[in-house]
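Each chain, letter by letter, is given below.
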Amino acid sequence: MMWDYVEKTAASWMPNAELYSPSVRVLTHAGGGQAGMRLIKSRHPSEPEHIRRYRMENFRSFTKVYFDKVFTTLSKIQNANDFGVTYVEPEKDPLASKNESFESYCTRNYPGYDDILNWLFNDGLLFLLTEPNGAFVVMPDETDEDGYFKPVVKTFEAARVVYVDKNSALLYEGELAMTVREPDYAVYYRHRREGPFLYFDNAAVYRLTFVGNEKRWEELYRHEFGEPPVWIAGGKKDPLNPARQLSLIDAAVDYWDEIVALESDLQGAMKSHVYPEKYVFVQKDCDVCRGSGYQTDDEGHKSKCRQCGGTGLDAGNVYATHLIRPPSGTEESSIPNPPVGYVTKDLASVQIIVDQIQRLAKQGYSALNMEFISLTPAEQSGIAKSYDRQEMNAAIGKIAVYIVKNVLRPSFWYIALWRYYYGPVKPISKNLISDIVPSVSIPKSFDILPFDYLAEEIKTQRDSGISTSVVNETEREYRQKRFSGNPQALRFYDLAAYSDPLPNYSLTEKQMIKTTGGCTEEDYVLSLNLTRYIRELEREKPDFWGFLLTDEDRKAMLREKAKTEVAAIRAERLSINTMQLS
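Residues numbered from 1 in each chain as written. Predicted model: local features only at pLDDT ≥ 70, side-chain atom pairs only at ≥ 80, totals over all residues. Heavy atoms only, no water.

## Thoughts on the pattern of salt bridges
- Within this structure, the stated rule accounts for 27 salt bridges.
- A salt bridge links Arg25 to Asp254; the nearest nitrogen and oxygen atoms lie 3.2 Å apart. Of this pair, Arg25 sits in helix 2 (residues 17-30) while Asp254 sits in helix 7 (residues 253-273), placing them 229 residues apart in sequence.
- The partner of Glu173 in a salt bridge is Arg207, and the shortest N-O contact between them spans 2.8 Å. Of this pair, Glu173 sits in the loop between strand 5 (169-172) and strand 6 (176-181) while Arg207 sits in strand 9 (residues 204-211), and the two are 34 residues apart along the sequence.
- A relative accessible area of 23% places Arg207 in the partly exposed class. (Salt bridge = Lys/Arg side-chain N within 4 Å of Asp/Glu carboxyl O. Helix = DSSP H or I, 4+ residues; strand = E, 2+ residues; numbered from the N terminus. Buried < 20%, exposed > 50% of the residue type's maximum accessible area, 1.4 Å probe, protein only.)

Structure follows, in structure tokens:
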């Protein structure tokens, strides 16, 4: 009975626009292409037809840059200090006796990516953001030299999903073609009715193909999971259609849609208002049509003159040129000399469109609580103290939760089942699978803000008189981001900050503190000369940065340098006083 239902469902299936339309909304901006033409199909009031046609023929989606910035920001979730994947310790690993390691498969030998996190924060994240109604599938591609399955996470776009439920799933595996149809420029998908289709139930994976009136079934893998290793990518519930999901970044899409339309308007405005248009006063008739603008062939058929383009005037090249015939009787003195000029155009409307595009881009980022993406260093002044980092962490944190719970954890679970229990080699029992699946911590604080933004925040904190300890922590975050690719510079400046007895004070402030007795002379000298002292110790002690020394040891060495210099200063001062008295 079930086989009949699957066969009938597959035979009558068509890609469901209700499911793939949320994907089209985002893919317009993630990949550009012709899907965005639906946003510019309308002809604007009083718009000349040739301008509308020009916009359609030269359509480009420029919003990919906004999507890419959001994607890059979210991919940095993996850099969060509190994000991590913890695998079972080797001495507790039930696979250790088999010379096998799940950690090794997932971090060094994952097919196509080496590390599964490379897949997750590249193609996996891209799919999650663009295909909320698509499906993730875990199944083997091949077997390795030791006989183990090599399972991977595969993705099926929403246009390939027939249905997915907790007991079974049916997906289209064949060729799929996207078309954009006039006049509404809506996106449609076409598939091959013969398939093939993939059918998953609680025990196995099958391929169904239609050949004429024949239905061919092939069992690909038997798994006995008790559930299909298939799940919907998901996102946010669509309030207008509970049966489908919207992208996790759908809040920005309406703003980006408007930008697509405005960019098209800008193309038309540039053609109408920016490009120069020449006008020429012409009095001589075209030599071919004798001023009529038409030619007559041997059969008496009239057509537009090929020489003058139908103007009836002789002006040589008439490209981008307006030809003007002075009224008969016009005096020679009233015709400009030379009889050529350029149309004066109003450029204000072009600037209005440019400004609106920039405004919408910022509103799109704001809808995702990612305003900082659009801020230049100059714009950050005064904004750092008002921008709520907690809102940013909360917004990105929701997506991080989704990535971990809805993508990474089920991926680990099904990969482990395929590889170590239901594959050709079964080294451990099913009840031990949970012991080898790693734990994944969900991050709550993200290393997302650019370092120039942090620099402005440090300045704001200092000007506001915020606690030194808070400023120190922000400076530490700045150093880690600024020197993330230069560990030598990072350790240098970390030690300088750790050893400075007068941090966050200017030279004038340090002098005042010393004069008023707020610090010792040794503290003052150490704070002023930290950089020089560290460089000297690097030259004097080859093992200065060795693992046998702690930062506390290095700090003590720097303190000794300051003591020695203070003693020398005092000795010199005493010698000068003695000479003056004598």
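There's plenty left to go through after this.
## Focus on helix 12 (residues 468-482)
- Here helix 12 contains 15 residues, and its C-alpha end-to-end distance of 20 Å stays within 8% of the 21 Å for a straight helix at 1.5 Å per residue.
- Residues of helix 12 that are buried include every one of Val471, Thr474, Glu475, Glu477, Arg479 and Lys481, and no others. (Expected span 1.5 Å × (residues − 1).)

## Digging into the sheet that holds strand 4 (residues 161-164)
- Spatially, 4-5-8-9-10 is the arrangement adopted by the five strands of the open sheet, whose pairing is antiparallel. On the outer flanks of this sheet lie strand 4 and strand 10 (214-222), each paired with one strand and no other. The mean inter-strand angle of the sheet, taken between neighbouring strand axes irrespective of direction, is 20°.
- Along the sheet, helix 1 (residues 2-12) contacts strand 4, strand 5, strand 8 (197-200), strand 9 and strand 10; its crossing angle with strand 9, the most-contacted strand, is approximately 55°. (Pairing = 2+ DSSP bridges. Axes fitted to C-alpha atoms, helices over the stretch in contact; angles between N-to-C directions. Contact = heavy atoms within 4.5 Å.)

## Thoughts on the environment of Arg192
- Its place among the elements puts Arg192 in the loop between strand 7 (186-191) and strand 8.
- When neighbours within four sequence positions are excluded, Arg192 is seen to be in contact with Tyr172 and Glu175.
- A distance of 2.7 Å separates a polar atom in the side chain of Arg192 from a polar atom in the side chain of Glu194. (Polar contact = N/O pair within 3.5 Å; in protein donor to acceptor, adjacent residues only side chain to side chain.)

## Looking at the environment of Pro438
- In this fold, Pro438 is placed in the loop between helix 10 (433-436) and strand 19 (439-441).
- Here Pro438 falls in the buried class, since its relative accessible area comes to 7%.
- Placed 350 residues apart in sequence, Pro438 and Val88 show a C-alpha to C-alpha distance of 6.5 Å.
- When sequence neighbours within four positions are dropped, the list of residues in contact with Pro438 reads Val85, Thr86, Tyr87, Phe102 and Phe412.

## With respect to empty space enclosed by the protein
- Per the counting criterion, the structure on display carries one cavity of 30 Å³ or more.
- Estimates place the volume of the largest cavity at around 30 Å³.
- Split by residue class, the lining of the largest cavity holds four nonpolar, one polar and two charged. (1 Å grid on protein atoms, 1.4 Å probe; cavity = no way out; pocket = protein on both sides within 12 Å on 5 of 7 lines; lining within 4 Å. Points joined across faces, edges and corners; volume = space filled by probe spheres on them. Nonpolar A, V, L, I, M, F, W, Y, C, P; charged D, E, K, R; others polar.)

## As for the sheet that holds strand 11 (residues 230-232)
- Across the sheet, three strands lie side by side as 3-2-11; this open sheet has antiparallel pairing. Looking at which strands have only one partner, the edges of the open sheet turn out to be strand 3 (149-156) and strand 11. Strand after strand, the sheet turns through a mean of 30° between neighbouring axes, direction not considered.
- Judged from the three bridges that link them, strand 2 (residues 135-143) and strand 11 form a sheet pairing that is antiparallel. Bridge pairing in strand 11 links Phe136 to Trp231.
- Its contacts with the sheet place helix 6 (residues 116-130) against strand 2 and strand 3, and it is angled at close to 135° to strand 2.

Just distances and angles here, no functional claims.
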